[in-house]
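Residue-level listing of the chains:
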Amino acid sequence: MAPEVAAVTGGGGSDFPARLTAQVVVCSLIAAFGGLMFGYDIGISGGVTGMDEFLLRFFPGVYEKKHHTKENNYCKFDDQLLQLFTSSLYLAAVVCSWLASFSCNKFGRKRTMQMASVFFLVGVGLNAAAQNLGMLIAGRLCLGAGVGFGNQAVPVFISEISPAKYRGGLNICFQLMITIGILVANVVNFFTSKLHDGWRYSLGGAGFPAIFLGLGSLIIVETPTSLIERGHKEQGLRSLQRIRGVGAEEVKKEYDEIVRATAAQAEHPHPFRNLLTKKSSFPQLFVATIFQVFQQFTGINVVMFYAPVLFQTMGLGSDASLLSSVVMGTVNVLSTLVAVFAVDRFGRRVLLMQAAVQMVMTQVAMGVLLATHLGTTNVMAKGYAYLMLALICLYVMAFAWSWGPLGWLIASEVFPAETRTAGFFVAVSTNMVCTFIIAQSFLSMLCTMRAASFFFFAGWIVVMGSFATFLLPETKGIPIEEMTDKVWKKHWFWRRFYDRPNPTPAA
Ligand code: BGC
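A.B. asks: Can you walk me through the nonpolar core in this structure?
C.D. replies: The nonpolar side chains of a soluble globular protein tend to be buried with one another. Ranked by internal contacts, the top residues of the largest apolar core, which has 155 residues, are F54, L370, W403, L406, M432 and F442. Among the elements that line this core, the one with the most residues is helix α21 (residues 420–449), at 15 residues. With sequence-adjacent residues up to four places away left out, M432 is seen in contact with F38, Y90, A93, V94, V147, N151 and W408. With 6 residues, the next largest nonpolar core counts L176, F190, V326 and V333 among its residues.

A.B. asks: Could you clarify how one ought to interpret the pattern of salt bridges in this entry?
C.D. replies: Oppositely charged side chains can pair when the atoms bearing their charge come close. A complete count under the given rule lists 18 salt bridges for this structure. Note that R244 and E254 form a salt bridge whose closest N and O atoms lie 2.9 Å from each other. On the criterion of sequence distance, the pair formed by R244 in helix α12 (residues 233–244) and E254 in helix α13 (residues 248–267) is long-range, its members being 10 residues apart. Accessibility classification places R244 together with E254 in one group, the buried group. The partner of R420 in a salt bridge is E481, and the shortest N-O contact between them spans 3.0 Å. Pair noted here: R420 is in helix α21 and E481 is in the loop between α22 (452–470) and α23 (483–486), with a separation of 61 residues, a long-range link. The burial state of R420 is the same as that of E481; both residues are buried.

A.B. asks: Help me understand the layout of surface pockets in this model?
C.D. replies: To find leftover empty space, one rolls a probe the size of a water molecule over the atoms. Approximately 430 Å³ is the volume attributed to the largest pocket. D52, K66, H67, Q312 and S318 are, among the 31 residues lining the largest pocket, the residues nearest its centre. Looking at the lining of the largest pocket, the elements that each hand over two or more residues are α2 (33–49), α3 (52–58), α9 (198–204), α16 (300–313) and α17 (318–346). A per-class count over the lining of the largest pocket returns 9 nonpolar, 16 polar and 6 charged. If you add up the space inside the second largest pocket, you get close to 360 Å³. As for the second largest pocket, its lining consists of 20 residues, and the residues nearest its centre are R260, P416, E418, T484 and D485.

A.B. asks: I'm lost on the packing of aromatic side chains in this one. Help?
C.D. replies: Between two aromatic rings, the relevant description is the distance of the centres plus the angle of the planes. Counted under the stated rule, the structure contains 31 aromatic pairs. An angle of 85° between the planes, with centres 6.3 Å apart, marks the rings of F38 and W408 as edge-to-face. In this pair, F38 is assigned in helix α2 and W408 in helix α20 (residues 403–413), connecting sequence segments 370 residues apart. This pair shows no difference in class: F38 is buried, exactly as W408 is. Aromatic rings pair up to connect F291, F294, F297, W403, F456, F457, W460 and F467 into one cluster. Above the plane of the ring of F85 lies R140, whose end atom (NZ or CZ) is 4.9 Å from the centre. A cation over a ring is seen here: K194 above F190, with NZ or CZ 3.7 Å from the ring centre.

A.B. asks: Even after reading the chapter, I still don't get the state of the cysteines, so can you show me in this structure?
C.D. replies: A covalent bond between the sulfur atoms of two cysteines is referred to as a disulfide. Scanning the entire structure with this criterion turns up 1 disulfide. No disulfide involves C434; its nearest neighbouring cysteine sulfur is the one of C96, lying 18 Å away.

A.B. asks: Help me out: how do you make sense of the site of the ligand in this one?
C.D. replies: Taken together, the neighbourhood of the ligand is formed by 13 residues, with Q175, Q295, Q296, N301 and W408 sitting nearest. In the environment of the ligand, an oxygen atom lies 3.2 Å from a nitrogen or oxygen atom belonging to the side chain of N332. Summarising the interface, the protein chains cover 100% of the accessible area of the ligand, which totals 310 Å² for the free molecule. Among the secondary structure elements, those contributing two or more residues to the shell around the ligand are α8 (167–192), α15 (282–296), α16 and α20. Considering each element in turn, the shell around the ligand owes the most residues, 3 residues, to α8. In terms of residue class, the shell around the ligand is built from 5 nonpolar, 8 polar and no charged.

A.B. asks: Teacher, can you tell me more about the side chain of T336 here?
C.D. replies: Along the chain, the position of T336 falls in helix α17. Of the residues examined, T336 reaches a relative accessible area of 0% and is grouped as buried. A polar contact is formed between the side chain of T336 and the backbone oxygen of N332, at a distance of 2.7 Å. When residues no more than four places from it in sequence are discounted, the contact partners of T336 are I172, Q175, L176, T179 and A400.

A.B. asks: For this particular structure, what's the right way to read unusual backbone geometry?
C.D. replies: Its identity as a non-glycine residue notwithstanding, D197 has a phi of 50°, on the positive side. Tracing the backbone through its elements, the reader meets D197 in the loop between α8 and α9. Given the relative accessible area of 16%, D197 is considered buried. If you check the backbone angles, R450 has positive phi at about 50° while not being a glycine. By secondary structure assignment, the location of R450 is in the loop between α21 and α22. A residue is classified by how much of its surface remains accessible, and R450, at 32% relative accessible area, is partly exposed.

Rules and cut-offs
Residues numbered from 1 in each chain as written. Predicted model: local features only at pLDDT ≥ 70, side-chain atom pairs only at ≥ 80, totals over all residues. Heavy atoms only, no water. Core = buried A, V, L, I, M, F, W, Y, C linked by side-chain atoms within 4.5 Å. Buried < 20%, exposed > 50% of the residue type's maximum accessible area, 1.4 Å probe, protein only. Helix = DSSP H or I, 4+ residues; strand = E, 2+ residues; numbered from the N terminus. Contact = heavy atoms within 4.5 Å. Salt bridge = Lys/Arg side-chain N within 4 Å of Asp/Glu carboxyl O. 1 Å grid on protein atoms, 1.4 Å probe; cavity = no way out; pocket = protein on both sides within 12 Å on 5 of 7 lines; lining within 4 Å. Points joined across faces, edges and corners; volume = space filled by probe spheres on them. Nonpolar A, V, L, I, M, F, W, Y, C, P; charged D, E, K, R; others polar. Phe/Tyr/Trp six-rings, centres within 6.5 Å; stacked < 30°, edge-to-face > 60°. Lys NZ or Arg CZ within 6 Å of the ring centre and 35° of its normal. Disulfide = S-S within 2.5 Å. Near = heavy atom within 4 Å. Polar contact = N/O pair within 3.5 Å; in protein donor to acceptor, adjacent residues only side chain to side chain. Areas by Shrake-Rupley, 256 points an atom, 1.4 Å probe, with all protein chains shown as cover.

The values reported here are purely geometric and, on their own, carry no functional implication.
Here is the structure:
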């Protein structure tokens, strides 16, 4: 084997030769633009909902409350419709990731990404031109459809084209793009907030990544797994050779493994039924799904959606609030880079456990700071408001190298081929439902629970840290098609869900 060809060893002797080819890197980056669209939408809504012209046009009641000096600090933005503006996207995403799981199987990962970019463009058009709340929410629903299709197809696409050795790092490009999208949105909001009807430019900006994904997805390869499972074996082999950068002989073993896995899948043509009824599917389904609940109940989107609103609650002016979001967004991007390099070197679990400790400490500190220095009507001293910003950055940092990227990575790599798209759908939609719940309820929760909201999330993080310590198996470096044999059947707890081979009868 040529020295630059990495032998991808799956921990138990599997040896799939592969180079990290330009094809794989470029295709992963283009696909990760789906993440940029998603991130842009996460980051844009908080800044826009803090803009006066936007509030006056669509939410005059909130505008009144915001400028009413006697209003309770914690309740200034408590409005169901305002929360619906942020959360409606996630409702549509749930439904559409279900449709996308079929489209991924029937039309392939690549086509599904193209559909995502079309939905996005329609949503962007409706939002940027919105004349009333109906148009605004309809636009958010279309964006949600784009997120559903994109988030379903992209992580699976990247996991399937990556050599096992680099899968973690490449997959995290998706999360990296999400964080870049959030940061770009924060910067855009900072500038557009100074323009007349600046919110239109903010919402319209989402069109750029959508166009890029649409054009980019015309030139990327389809994954070998998707081609083979749809009966195009020859094309699948050629695609595998191209993305692995090695000769026909060398890809044979991996090709045979994919053919074996997809044939097993064809014997069980009902992925949802397999997923929900087979005892052996339970471990992956449980882990991938609960992980999404945990990811959202870290409270990350409280910060991502509502940071500018939170900073205004603490008494910072709207410029300082938007700028603080830019600082936080930068920390988010840089810390995600740490994950890209660390995840295949140190493994998944160690990052998750370390981060849980850091996040609990910062959440508790934030709760204490608010409880002691922000009453119902006073303005928090500037020094404390900036201390709060520093704590938020430390919290975001920990999330960004752990529960953020690993939520998508683990859900895309733990399922066997016969349940992968269905299982990933359950994971993505659980994520979206939980995001919806947080988006729809946080401002009301802040109004009623005040600083205790932060202790609520700290409690969740203790639970998820214990889960990572005791129940999560390590998946670093294991070829995706060998996960069941090498990970699940060997785990101290989950192995009980698999039939053991009959012991050889004693002679
Ligand atoms: C989560 C998003 C979150 C983002 C923050 C993603 O992994 O799914 O809900 O807003 O990370 O960077």
